[in-house]
Amino acid sequence: MEHVPPPAEELARLDRELAELDARRAQLLTRRAWLLAALRPPAPTAAPGWNPSGWGAPAAGRPGAPAQPWGHVPPKQPSAPRSAQNVLLTLGGLLLTVAAIAFTLVSWGSMGIGGRSAVLAAVTVGALAAPVVLLRRGLTATAEALAALALVLTLLDAYAVHAVAAPDTDGLGFTAVAAAVLAALWTAYGLALGKLHLPLPAAVVLAQWPLLFGAWAAGAPALVVGWALLATAVLDGAIALWGKGTGARVTACLGGSVMAFSALMVGLTLSVTASGPLGALAPGVLLLTAAAAALAGAWRAPRGFARAGGVVAGLAVVAAVGGVPAAAVPEGWRVLAYLLAGLAPAAVVRARLPRNAAIGVLVASAAVVAGALVGALPGLAAVLLGPVTLLSDVWSGSPEGFRSAVGSTLPWSELAATPVVLALVAGLLGAAYRWWPSLARIAAPLIAREEPGSGAGPAGAPGTGTPEAGGAAAPGVSGAPWYAGGAPAARRRPSGAALRGAAGAGAAVLGWGALLLSGAVLDVPYAVAVAGETLLVAGLLALAVRGAGSGRDGSAAVPVTALVVALAAAVSTGLLSLASEGASYAVFGALTALFAGAAVRAGAGVPRAVFAVAATVGGTVLSGFAGRSLGLAPHEAAPLVLLVPALTVLFGARLRRNPVALPVELTGALGALVAVALAVPDAPFLALVLALCGVLAAGAAVRPERRPVAGYLAAALFVLATWVRLAASEVSFPEAYTLPVTVPALVVGFLRRRKDPGASSWTAYGPGLAATLLPSLAVAWTDPDWQRPLLLGVAALVITLLGARYRLQALLLLGGAVLALDGLHELAPYVVQVAGALPRWLPPALAGLLLLVVGATYEQRLRDARRLKDALGRMR
């Protein structure tokens, strides 16, 4: 039965066969062209670049075109007509402009008044009239070039009129009038010749200066200048919304942004520097007018511009409304006036504003609140980090007040309103967290998510951003402006539960910060400050424990934030209490009890483990305080610090596989490391502490789940304690002390291996061998005699051979390492002598030769290393 391939496969096969035929045909045509060229006699004269052998080939780039014969010169591609025309027109316009400027500045004075008038009139009228004729003939680019020349000529005409006809007039005033006249002229000219792109943007640029230069020429105050800037910005906004042509609208948008920003800066500066509430009224009116203009523009603008207009309007309203009471209160309380004014724009949620404009106003309100909170950061950082300075002078005595304990030089009088600001914002966030469903229903029209490809309202509605409203639609998406977020932006928005959790977390943090800063602002007594911060930690822990159990709305932001802040507050409170001995005991005792109680009340999980670890750290610090109170040196207090690690071992044995046991035991181990570090200056105490740590590790190794790690750790600590004790006693023959330990240990290991052949040699023989070999090796390296190194080498050789014979990894590696180091010690003097007698070039040469040999046999050496690794791995 004949197989009929699918249509796609058959089409691909046909394409491949046709391609092969085309390639073969191209080769034949190329050969034919070469043969014709070889048979034809050479022409006596040939134009440069002409190739007589290429006449029979098809044009390149077409299907089936062969490769060009040898010697073919491809024709040069002509420049694009439109680009060449633009270059010529640009060069011509520049030359005419330079000539006009040179004539006006240099040759102007050599002509009479009639000649001057005739030349100006003829050249300007000709330059303005020429584009009309050129547009009728379709020469648009030429008309644009002459229009640019005419623009320069009109500017030169204005300069010439001022220099000759009115030289005594004020320069700024004449410039304002000339800019107004030229703006009107070029507006009419651009509207008459709609095909030209230059006149209308030029008219918009010229319209920026009449009011501003007129105000400056009249010597108007700064407020009048601000009004002139605002009026110009309003005119630019009108052009941007209803103007003709994209160039004019874009230019008006840029100019309006600059002018509006300048007007707002003038109004804000005058409002901030006003001497009283009455002086802040006039700048406030300017700012409110700017806000109204911005909202009016946002009503008709596309989405992105509508939101920007809402932001500008909101900030202007805040500056206008808050500037009046701010001028009547002390400097430290002005931030509160602006904060209260910044909360007022939130009422737009219930106003009938366009959605995007209302969102912009809310963003402005949030920005003001954020700015007020940022102003509170220096004071909060000083209160939290200031007690760090007490670490250098622990228990030096109770300070007089909170500020002296903090040790900061901040101007606290200027931060008087900071606690009120934090408390106000905390109250608002707490209210939002409490009545979140009602708030969500009110703000639902603003936070409603848009479906991709659909606007927020009907086509052409203000602020929707559809093409009918002036928004530019994205390619391929009907009705969606280019700045729209679409479906991915909607998916990135947080859920309502997450927002509610963030509000609750912010309320907790800001409330704690307000209470903390109030003590520094009021400069409460030191005891009150310490007690107050401890109570704050207790409140945060209660919130963390309660929130961890409730999980309201599925959000863990509030309990997690409370937990983190409680830890930071506990650290700050502990540092603050270091100024007084009694305060230190009271604070750390209270913190330990609070965290222990929180660990008991909290459910299973990470919070409970964190609480237990914090309680363990507090107990460790208390044990260190006990040693200092008893007048003990740091190394003498080290055994006291081990009390908490001992309790953690007992606690771990009680909890066993509870998830809290491991973090608590690891924290106790860190406390043991602190005790070891304290005992380092005194060798006998260090040996004692190491031995006690070994006892604790051995106690933990009783439990099967801790035995793999704690057992090895206990053996290592006991051996290390022995070495330290021997070194501290300056024992010159450590074998007298280590062999009585090594022999029983080896016997026990042998019995263990006999009972359990699968037991590791490291467990059975490692501790016993290390107890003697390593101290002996350390003494042998400093022994000038030869007897000890010889005996140690013989013993290590025997151990190594036994390990190789019975395939015991511990004996082989320990014996081999000790044997190698002992041999290196004995050969080191001779190696040094030989190295000194060798030429300087020989060691690098030997090293290079070794590298070459290793590189040449790299694969073999790699296989040897793998075999050695496998052999060692098979040993016990």
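The structure displayed is predicted, hence computed values, not measured ones.

Enquirer: Could you give me a rundown of the overall build of the chain, with the residues and numbers involved?
Expert: In terms of regular secondary structure, the chain is built from 36 helices and zero strands. Taking all 876 residues of the chain together, the buried fraction comes to 36%. Within the chain, residue pairs in contact and separated by at least 24 positions form 69% of the contacts whose partners lie at least 6 positions apart. With the model as given, the accessible surface of the chain reaches about 47,900 Å², and the carbon-plus-sulfur share is 71%.

Enquirer: If you had to explain the environment of Ala 192 to someone new, which residues and values would you point to?
Expert: As for its placement among the helices and strands, Ala 192 is situated in helix 5 (residues 171-192). A relative accessible area of 62% places Ala 192 in the exposed class. Put simply, Ala 192 and Val 132 are 60 residues apart on the chain and 9.5 Å apart in space, counted from C-alpha to C-alpha.

Enquirer: Could you give an account of helix 33 (residues 787-806), with specific residues and numbers?
Expert: For helix 33, with 20 residues, the first-to-last C-alpha span of 29 Å sits near the 28 Å given by 1.5 Å per residue. Turning to helix 33, its buried residues number three or more, namely Arg 788, Pro 789, Leu 792, Gly 793, Ala 796, Ile 799, Thr 800 and Gly 803. Projection of helix 33 onto a plane perpendicular to its axis shows the buried side chains occupying an angular sector of 130°, all on one side. Seen from the open side of helix 33, the exposed residues pointing more than 90 degrees away from its buried face are Leu 791, Leu 801, Arg 805 and Tyr 806. A positive backbone phi angle near 55° is found at Arg 807, which sits one or two residues after helix 33.

Enquirer: With reference to specific residues and values, describe the nonpolar core.
Expert: In this structure, Phe 402, Trp 412, Phe 595 and Phe 611 are the most contacted members of the largest nonpolar core, which totals 63 residues. In terms of residue count, the dominant contributor to this core is helix 21 (residues 526-550) (nine residues).

Enquirer: Give a detailed account of the packing of aromatic side chains, specifying residues and quantitative values.
Expert: Within this structure, the stated rule accounts for eight aromatic pairs. A centroid spacing of 5.5 Å and a plane angle of 15° characterise the contact between Trp 209 and Phe 213, whose relative ring orientation is stacked. Taking 6.0 Å as the distance between ring centres and 35° as the angle between the ring planes, the aromatic pair formed by Phe 213 and Trp 216 counts as tilted. Pair noted here: Phe 213 and Trp 216 are both in helix 7 (residues 210-217), with a separation of three residues, about one helical turn. The class of Phe 213 is buried, set by a relative accessible area of 17%.

Quick notes on the rules
Residues numbered from 1 in each chain as written. Predicted model: local features only at pLDDT ≥ 70, side-chain atom pairs only at ≥ 80, totals over all residues. Heavy atoms only, no water. Helix = DSSP H or I, 4+ residues; strand = E, 2+ residues; numbered from the N terminus. Buried < 20%, exposed > 50% of the residue type's maximum accessible area, 1.4 Å probe, protein only. Contact = heavy atoms within 4.5 Å. Areas by Shrake-Rupley, 256 points an atom, 1.4 Å probe, with all protein chains shown as cover. Expected span 1.5 Å × (residues − 1). Arc of directions from axis to C-beta. Core = buried A, V, L, I, M, F, W, Y, C linked by side-chain atoms within 4.5 Å. Phe/Tyr/Trp six-rings, centres within 6.5 Å; stacked < 30°, edge-to-face > 60°.

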